[in-house]
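Now for the letters of each chain:
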Amino acid sequence: MRILIIGGSVFLGRAVAETALRMHHEVLVLNRGLSRPNAHGVVAIVGDRNETETLARARANGPFDLVVDTSGFEPETVALSGRMLADICNHYVFISSVSAFADWPAQPVSELSPLLPFSKDERSYGSSKAECERILRAQFGPRLSVLYPGVLIGPNENVGRLLWWLDRFAKGGSVIRPKLDVPISPIDARDVADFVLTLAARSSAGKGYVVSGVSAERTLDDLLSICATVTNTTARSVSVEDEILLSHEVEPWSELPFWAPRGVGADGIWSTDCSAALRAGLRLRPLSDTVADTWSWMQSIGAVNHVDRFSALKEGVGLSADKESRIFAALFH
């Protein structure tokens, strides 16, 4: 296939590009060339997707069997690229998010869940994703597939959640571990990439799919135990009740990644129904493989214990050493 990826240099987009190259497809990427070097073997169209001239150069490289949009966040931007590519694309895959659903994260969701309404004056990440989908459905009709990823993890992660836990265990000492164990449903970005290519190979367009792990299979405690194992840590885990963490104003999800205590409006955050995607060909690798591969990748690029030197370990993700020390001081005074 001849494939155009809008984005394609970071995390999920990069996974799609690398997967397609391994399958011997012809891969073009459209991006600004600013985030990371593109995968070796792609043809790069360097420019801003907001500019007609850039999209005209993309058109000149068509037609395309498949367009994968991994960087569509604003309705106006997506409307422009959709308009410019609609007549030279057989199958358009839009990467949305479970954030586009009105019920998430408070309640369980599937691809049948209602989307958020959109307002130009009060837009959010989720409502903008929902409006992007509506625009593309009008432009592409049955040639559109929409994927709603849950929590993405894996090598090349640019959010930093799993990376923070791996780095924290590697540093040793005492590590705060939420005591309440809950089922989780993260998904390896490489599994999403494989599924994109599966849909394209089967010419299976026209539907939407939640893509996540299976909620009941693994737990947060499983994930943290795997992090401890793959890093060969000397750290001592300290289980801490949710009430204590909240009393110290620990921010769920951001300061303790993947932690979403009950009663904060996120009871359904991990309740993502991926059964339709599994029936359509989604395959999920073991969580232990994803964590081990991510740790190997972090070591290969020198990310371990170098938070300030590596942008994927982002400021604002993870508990600060000062706050962690204050919590331990209160626990063991």
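Everything below is about the structure printed above this text.
This part takes up the sheet that holds strand β6 (residues 144–149). Here we have seven strands laid out as an open sheet, ordered β3-β2-β1-β4-β5-β6-β11, and parallel in their pairing. Both outer strands of the open sheet, β3 (43–46) and β11 (208–211), are each paired with one neighbouring strand and no more. Geometrically, the sheet is characterised by an average inter-axis angle of 20° between neighbouring strands, direction not taken into account. Pairing geometry for strand β1 (residues 2–6) and strand β4 (residues 66–69), over four bridges, is parallel. Directly across from Leu4, in β4, lies its bridge partner Val67.

Moving on, we come to the nonpolar core. Of all hydrophobic cores here, the largest spans 69 residues; its most connected members are Leu4, Tyr92, Trp165, Leu223, Leu256 and Phe258. Beyond its immediate sequence surroundings of up to four residues, Leu256 is in contact with Trp164, Trp165, Ile176, Pro178, Leu245, Val250, Glu251 and Leu319. In terms of nonpolar packing, the next biggest core, distinct from the first, is built from 33 residues, Val29, Val192, Leu199 and Tyr209 among them.

You can see Thr233 is positioned in the loop between α7 (220–230) and β13 (236–240). Look at Thr233 and you get partly exposed, because its relative accessible area is 21%. In contact with Thr233, not counting residues within four places along its chain, are Phe169, Ala170, Gly172 and Ala228. Among the polar contacts listed, one links the side chain of Thr233 to the backbone oxygen of Phe169, at a separation of 2.4 Å.

What follows deals with unusual backbone geometry. The amide bond that connects Gly62 to the next residue, Pro63, takes the cis arrangement and shows omega of 0°. Inspection of the secondary structure assignment puts Pro63 in the loop between α2 (52–60) and β4. Cis geometry marks the peptide bond from Trp104 to Pro105, where omega comes out at 10°. In this fold, Pro105 is placed in the loop between β5 (92–95) and α4 (125–140). With a phi angle near 55°, Asn232 is a residue other than glycine that sits in the positive phi range. Here Asn232 lies in the loop between α7 and β13. A residue is classified by how much of its surface remains accessible, and Asn232, at 67% relative accessible area, is exposed. You will see that Glu249, though not glycine, has its phi angle at about 60°, which is positive. Structurally, Glu249 can be placed in the loop between α8 (242–247) and α9 (275–279).

Here is what the cut-offs are and how they apply
- Residues numbered from 1 in each chain as written.
- Predicted model: local features only at pLDDT ≥ 70, side-chain atom pairs only at ≥ 80, totals over all residues.
- Heavy atoms only, no water.
- Pairing = 2+ DSSP bridges.
- Helix = DSSP H or I, 4+ residues; strand = E, 2+ residues; numbered from the N terminus.
- Axes fitted to C-alpha atoms, helices over the stretch in contact; angles between N-to-C directions.
- Core = buried A, V, L, I, M, F, W, Y, C linked by side-chain atoms within 4.5 Å.
- Buried < 20%, exposed > 50% of the residue type's maximum accessible area, 1.4 Å probe, protein only.
- Contact = heavy atoms within 4.5 Å.
- Polar contact = N/O pair within 3.5 Å; in protein donor to acceptor, adjacent residues only side chain to side chain.

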